[in-house]
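# Fold and geometry: a report
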Amino acid sequence: MSGILFLRTGQLGETIEFYTGQIDCTVWLDQGDCVILRHDNLLVGFCERESPQTDVMLTFFYDTPQAVDRLFGRLRGIAVAPPRYNDRYRIYQFFARDPEGRILEFQHFAHPIAQFRSGGNLLTTRRSIREFTADPVPDALIHRIIDSCRFAPTAYNNQPQYYRIVRDPDDLRFLAGVRESASEPIGRAPVAVAVCIDTARTAHVVVDGAVAVYHFLLAAWDLGLATCWMGDMDQPLIKTRLGIPPGHYVATVTPLGFPREYPDSPPTRQNMNHFIR
């Protein structure tokens, strides 16, 4: 479960209009004199009372400095100063005040951070990343990803998936050249992971493999790590190199690392009605 921060407001309607219209919050629950807003993984409730509660600071953080700049462009009239890089905390930030005088902070963490995404954010922001930082990926973090992948659905719950972790630089260079430009991103990542299926344990090899891969990609993104699904990696030379049994299925070999940069905005997606028949 999550939590909610409740604040008193003397102008409920105006406050809700400001946060939904200017900061892209959505109404999570309307309780009449108390309205709870949602901003990704933040829940904040405003309750109408005689005196507002203003001795607080609400911080909203974003994947990219460009997103912070966009908010500054929208809130320039109430901003304290333009965005700047804060060396002490390694963040890119600016401050503003809401209509009742509460301090608002808008920031981007310029370094890897721990798990924070909500389910909706996870599903809509995951992207294929092909450029990675040189920061090493701890084994403990990879093990957390794989541990969550134990819960990926499989036919008859046979759980035929397993994961081969590749860190050796020579192996990474080899994998990067298997499909020329298509697999080059593997060579730019500190680690790669082969998602494999034991074909003796399932009659639904491709489906179980696809589900296992996507679960891995989402779990990695949830922990702040980037991936890129590589197709056509079920090749004998890859299995020989990585010690994977010839009869097993390699659903993908994905690079894994901290993203060098986040995509600025979601790419265009077809209208939902296109998918309804």
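Residues numbered from 1 in each chain as written. Predicted model: local features only at pLDDT ≥ 70, side-chain atom pairs only at ≥ 80, totals over all residues. Heavy atoms only, no water.

Turning our eyes to something else, we now look at the overall build of the protein chain. Counting secondary structure elements, the protein chain contains seven helices and twelve strands. For the protein chain, the C-alpha atoms occupy an extent of roughly 70 × 45 × 35 Å along the three principal directions. Counting all 277 residues of the protein chain, 45% fall into the buried class. Sequence separation of 24 or more characterises 66% of the internal contacts of the protein chain that already satisfy a separation of 6 or more. Averaging the positions of the 28 positive and the 31 negative side-chain charges in the protein chain gives two centres separated by 4 Å. (Helix = DSSP H or I, 4+ residues; strand = E, 2+ residues; numbered from the N terminus. Buried < 20%, exposed > 50% of the residue type's maximum accessible area, 1.4 Å probe, protein only. Contact = heavy atoms within 4.5 Å. Lys, Arg positive; Asp, Glu negative; His and termini not counted. Charge placed at Lys NZ, Arg CZ, Asp CG, Glu CD.)

Following both chains from N to C, one finds helix α1 (residues 12-22) and helix α2 (residues 65-75) inclined at 135 degrees, their axes separated by 11 Å at the closest point. Judged on the interaxial angle alone, α2 and α1 are oblique. Two secondary-structure elements touch here, α1 through Phe18, Gly21 and Gln22 and α2 through Leu71, Arg74 and Leu75. Split into classes, the residues belonging to the contact of α1 with α2 amount to three nonpolar, two polar and one charged. (Axes fitted to C-alpha atoms, helices over the stretch in contact; angles between N-to-C directions. Parallel < 35°, antiparallel > 145°, perpendicular 65-115°, else oblique. Nonpolar A, V, L, I, M, F, W, Y, C, P; charged D, E, K, R; others polar.)

Turning our eyes to something else, we now look at the sheet that holds strand β4 (residues 42-48). Taken in spatial order, the four strands line up as β1-β4-β3-β2 in an open sheet, and their pairing is mixed. Bordering the open sheet on either side are β1 (5-9) and β2 (26-30), each of which pairs with just one other strand. The sheet shows a mean angle of 30 degrees between the axes of neighbouring strands, direction not considered. Two elements, strand β3 (residues 34-39) and β4, share six bridges in a ladder whose sense is antiparallel. (Pairing = 2+ DSSP bridges.)

Attention now goes to the side chain of Thr133. Inspection of the secondary structure puts Thr133 in the loop between α3 (119-125) and α4 (139-149). Here Asp135 takes part through its side chain, which lies 2.8 Å from a polar atom of the side chain of Thr133. With residues near it in sequence (within four places) discarded, Thr133 still touches Pro190, Phe258, Pro259 and Arg260. (Polar contact = N/O pair within 3.5 Å; in protein donor to acceptor, adjacent residues only side chain to side chain.)

Quick look at the state of the cysteines now. Chemically, a disulfide is nothing more than a covalent bond linking the sulfur atoms of two cysteines. Going through the model one piece at a time under the given rule, you end up with one disulfide. A sulfur-sulfur distance of 2.0 Å marks the disulfide that ties Cys34 to Cys47. Negative torsions about the S-S bond denote left-handed disulfides, and the value of about 120 degrees found for Cys34 with Cys47 makes this one right-handed. Highlighted residues: Cys34 in strand β3 and Cys47 in strand β4, separated in sequence by 13 residues. Exposure remark for Cys34: the relative accessible area of 9% places this residue in the buried category. Not part of a disulfide, Cys149 finds its nearest cysteine sulfur in Cys196, a span of 13 Å. Unpaired in this structure, Cys228 has its nearest cysteine sulfur neighbour in Cys149, at a distance of 17 Å. Of the residues examined, Cys228 reaches a relative accessible area of 2% and is grouped as buried. (Disulfide = S-S within 2.5 Å.)

Read these as spatial facts, not as claims about activity.
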